Structure formats: structure tokens, C-alpha cells
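So the chains spell out like this:
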Amino acid sequence: MGVQEDVQKPLDRLSEALAAEMEAVNALIRARMASRHAPRIPEVTAHLVEAGGKRLRPMLTLAAARLAGYDGPYHVHLAATVEFIHTATLLHDDVVDESRQRRGRPTANLLWDNKSSVLVGDYLFARSFQLMVEPGNMRTLEILANASATIAEGEVLQLTAAQDLRTDEDVYLQVIRGKTAALFSAATEVGGVIAGAPEAQVQALHDYGDALGIAFQIVDDLLDYGGATQTIGKNVGDDFRERKLTLPVIKAVALADADERAFWVRTIEKGDQREGDLEHALQLLARHGAMQAAREDALDWAARARDALTPLPDHPIRDMLSDLADFVVSRVA
């Protein structure tokens, strides 16, 4: 299982359609990540924000607002809010996971230190709340505030579930719905809300973001075992080394015999990892078809995302969002 080379096109089309608004978002991000009194804040933030990420989450907010017919200025604030929340969680995640690479570059905690990463992440969370208040829309504030709490809850749940072989697919879904899909669904939902879209359309946008986020995270977990380092922006096998019980492993554990289960207990639960263990883990995943089964789950969630768009207006942006759902799962073949 590897990465397809031509899968950037749907995302590029969406980026081109939203280029002017994304430039306004980027300008607002640069302005609000500044600090008069603590120069380390823009240093650390710029390292991650300017690292070449696709800005997928804020793009979803802009796309949802455009699709719902919004013509005001505040979708830009909401999109910047979404990106600040996302960036803050990345800074915190890299400390928790002791990561050394993000988006193909050394992590902020490696270049500076853990304290700087945590505190700058806190600063970005605070900035995100300042931004989300400015549109003066209580419902968008509630959606984004709730998403922030759900993300933190999902990360804490992962701490306890990730190294417990009793973790099943329902718990895994709860974890990724918290840590990833919650921000996707909030990003799309607030775009509809700020535009004053009918309730059925707002719900459709939420459901699209939720399903897209789940598919995205399943694929991300798959790529950890089957992608190229330069493509995924981190080292292949990081999840295994960090003892994260992701969907491919959960599926393999469910089908494991006694010897295989003992291997997973040693490497994941006890953290006793030795040379050749990653290669053996990959063999076990292949033996039980765990990678393909997880990919089929991702395809199912991508189909749910496409179906969720049905109540929304016929519009080129809707077609791009539908293509984006296909793009998410086409990253693995």
C-alpha cells in the first residue's frame, strides 16, 4: 500500500477557487500570531504555520460559507480560528508524543523545547478564542468552543486507550472523532451558520465534515505503516514506535493467535520494542488483511461524506468538496 502521485488535484482546485479568501486568512493569521512582548511566540508559530501545510481545515470553512452564499467578512475570522486551534493542538501533540518531525521538518519542541511548545500552543488557543468572538455570532462561538473541548477530550482518551489491547474499533472511532473529526465538522458547520443557511444545510455541512475527518484520520493512520516519509511529513512507523493502537493494528489484534497477541502485548502495551519489530508488525498486518480492511472503512466514510452533500445547493464548490472526499482516500492505493 503506497501513496498515489496525482492526488493533489482536487485540493489544488479548491485552493485556487478560494485563493483570495485564503490570502486574507493567511494575512490575519500572520497579524494575530504576533507578540510585542514575547518574540519566541511568532518564532515558534511561524515555524509550523509557514511549513507548507495545505490549510485544509480553514479552507473547509471558506468553502462552506461560499457554498451557503455568504458575502460578509467574518468567514475569514472563523477560518483563521480553525487554523489556530489546529496549530495549537499540533504543538501540544508533538510534546505528548515526543515527536521529532512534522510536515517534513524538525518539530518545534525539538528546535526549542517542550515548555515553549506548550506555552505557545496555549497562546494560540487564547488567540483563537479572541478571533471566534469577533463575528459576534453566539452559535459559531458555541460550535468552536465545544470543538476545542472535544479535541482535548479525544487526546486524553487516546492517552488511556492507545496502549490498551482491549481498545476496540468503537473506542478508536470515539478517539478520532474527538481528535480530528471534531475540528473538520466544526470548520464546515460554522461556514454554514455564519451564512445563515437553512438548518438542513447546516446539518449537512456538519455531517460532511465529520465523515471527511474520520476518513482523513483512518488514511493518516494507514500511511504511517505504508507511506513515504517525504510524503507524510513524518517517519514511517512513528505510530508503532509511539505505541499507538490505530485501526490497522486493532484489526490485526482482533484476529491474532496467541503468539501474535504476545507480540502486540510486548511491543504496544509494554513498550518492549526490538530491532525488526516494525517489519514483523507489517507482516502481521498483511497476514490478516488489516490495511485493506481499514482502507475499506475509509472508503465507506468518504462515501458518507459525499452523500451528506446532497441537501446542499448545486454549485462548483459542492463538486470540489465531493472530489475532496475521494482525494482523502486516494492518498493510499
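Residues numbered from 1 in each chain as written. Predicted model: local features only at pLDDT ≥ 70, side-chain atom pairs only at ≥ 80, totals over all residues. Heavy atoms only, no water.

Caption draft 1: View of the overall build of the chain. Looking only at helices and strands, the chain features 17 helices and two strands. Across the 333 residues that make up the chain, the buried fraction comes to 53%. Intrachain contacts of the chain at a sequence separation of at least 6 include 77% that bridge at least 24 residues. (Helix = DSSP H or I, 4+ residues; strand = E, 2+ residues; numbered from the N terminus. Buried < 20%, exposed > 50% of the residue type's maximum accessible area, 1.4 Å probe, protein only. Contact = heavy atoms within 4.5 Å.)

Caption draft 2: Region of the structure containing the packing of aromatic side chains. Within this structure, the stated rule accounts for three aromatic pairs. Ring geometry for phenylalanine 184 against phenylalanine 216: centres 5.3 Å apart, planes inclined by 45°, an arrangement best described as tilted. One end of the pair, phenylalanine 184, is in helix α9 (residues 169–194); the other, phenylalanine 216, is in helix α10 (residues 199–226), with 32 residues separating them in the sequence. In terms of burial, phenylalanine 184 and phenylalanine 216 fall into one category: buried. Above the plane of the ring of phenylalanine 216 lies arginine 57, whose end atom (NZ or CZ) is 5.5 Å from the centre. Note that arginine 304 overlies the ring of tryptophan 301, its terminal NZ or CZ placed 3.9 Å from the centroid. (Phe/Tyr/Trp six-rings, centres within 6.5 Å; stacked < 30°, edge-to-face > 60°. Lys NZ or Arg CZ within 6 Å of the ring centre and 35° of its normal.)

Caption draft 3: Representation of the nonpolar core. Among the nonpolar cores identified, the biggest contains 98 residues, and Ile218, Trp264, Leu321 and Leu324 are the most heavily contacted of them. Per element, the largest residue contribution to this core is 14 residues, and it comes from α10. If near-sequence neighbours (up to four positions away) are discounted, tryptophan 264 is found in contact with Leu165, Phe240, Val249, Ala252, Val253, Ala256, Glu269, Ala281, Leu284 and Leu285. (Core = buried A, V, L, I, M, F, W, Y, C linked by side-chain atoms within 4.5 Å.)

Caption draft 4: Layout of the side chain of serine 330. Considering the arrangement of structural elements, one finds serine 330 in helix α17 (residues 316–330). A polar atom in the side chain of serine 330 sits 3.0 Å from the backbone oxygen of phenylalanine 327. (Polar contact = N/O pair within 3.5 Å; in protein donor to acceptor, adjacent residues only side chain to side chain.)

Caption draft 5: Just the confidence of the model for the chain, in detail. In this model, the chain carries an average pLDDT of 89, and 88% of its residues clear a pLDDT of 70 or more. Considering only residues more than four positions removed or in separate chains, one finds that residues 2–7, a stretch of pLDDT under 50, has 15 contacts. Within the model, the stretch residues 228–232 combines pLDDT values under 50 with ten contacts to residues more than four positions away or in other chains. (pLDDT = per-residue confidence, 0-100.)

Caption draft 6: Examining helix α1 (residues 9–17) more closely. For α1, the full list of buried residues reads Pro10, Leu11 and Leu14. The buried residues of α1 occupy one face: seen down the axis, they fall within an arc of 100°. Turned more than 90 degrees off the buried face of α1, the exposed positions are Lys9 and Glu16. Tucked into the core, α1 has its buried residues touching α4 (56–67) and α17. (Arc of directions from axis to C-beta.)

Caption draft 7: Spatial organisation of the packing of helix α14 (residues 258–269) against helix α15 (residues 277–287). Between α14 and α15, whose axes approach to 11 Å, the crossing angle comes to 135°. One finds that α14 runs oblique with respect to α15. When the axes of α14 and α15 are compared, the crossing they make is left-handed. When α14 is examined against α15, the residues Glu260, Phe263, Trp264, Arg266 and Thr267 are found in contact with a partner set consisting of Asp277, His280, Ala281, Leu284, Leu285 and Arg287. Tallied by class, the residues present in the contact of α14 with α15 amount to five nonpolar, two polar and four charged. (Axes fitted to C-alpha atoms, helices over the stretch in contact; angles between N-to-C directions. Parallel < 35°, antiparallel > 145°, perpendicular 65-115°, else oblique. Left-handed = near helix turned anticlockwise from the far one by under 90°. Nonpolar A, V, L, I, M, F, W, Y, C, P; charged D, E, K, R; others polar.)

Caption draft 8: Focus on the side chain of threonine 167. By the element assignment, threonine 167 lies in the loop between α8 (138–161) and α9. Overall, threonine 167 belongs to the buried group, its relative accessible area being 10%. At 2.5 Å, the side chain of threonine 167 forms a polar contact with the backbone oxygen of alanine 161. Contact partners of threonine 167, with chain neighbours within four places excluded, come to Ala161, Tyr172, Leu245 and Ile250.

Caption draft 9: The arrangement of the pattern of salt bridges in detail. For the structure on display, the rule yields 19 salt bridges. Between aspartate 210 and arginine 177 there is a salt bridge, and its shortest N-O distance comes to 2.7 Å. A residue pair is termed long-range when its members are at least 10 positions apart, and aspartate 210 in helix α10 and arginine 177 in helix α9 qualify at 33 residues. Between arginine 241 and aspartate 238 there is a salt bridge whose closest N-O contact spans 3.2 Å. In this pair, arginine 241 and aspartate 238 are both assigned in helix α12 (residues 238–241), three residues apart and thus about one turn of the helix distant. (Salt bridge = Lys/Arg side-chain N within 4 Å of Asp/Glu carboxyl O.)

Caption draft 10: Layout of the packing of α4 against α10. Where α4 meets α10, the closest approach of the two axes is 12 Å, and the angle between their N-to-C directions is 155°. On the basis of their axis angle, the class for α4 and α10 is roughly antiparallel. Regarding α4 and α10, the two cross each other, and that crossing is right-handed. Between α4 and α10, the residues in contact are Leu56, Arg57, Leu60, Ala64 and Leu67 and Leu205, Tyr208, Leu212 and Phe216, respectively. Residue composition of the contact of α4 with α10, grouped by class: eight nonpolar, no polar and one charged.

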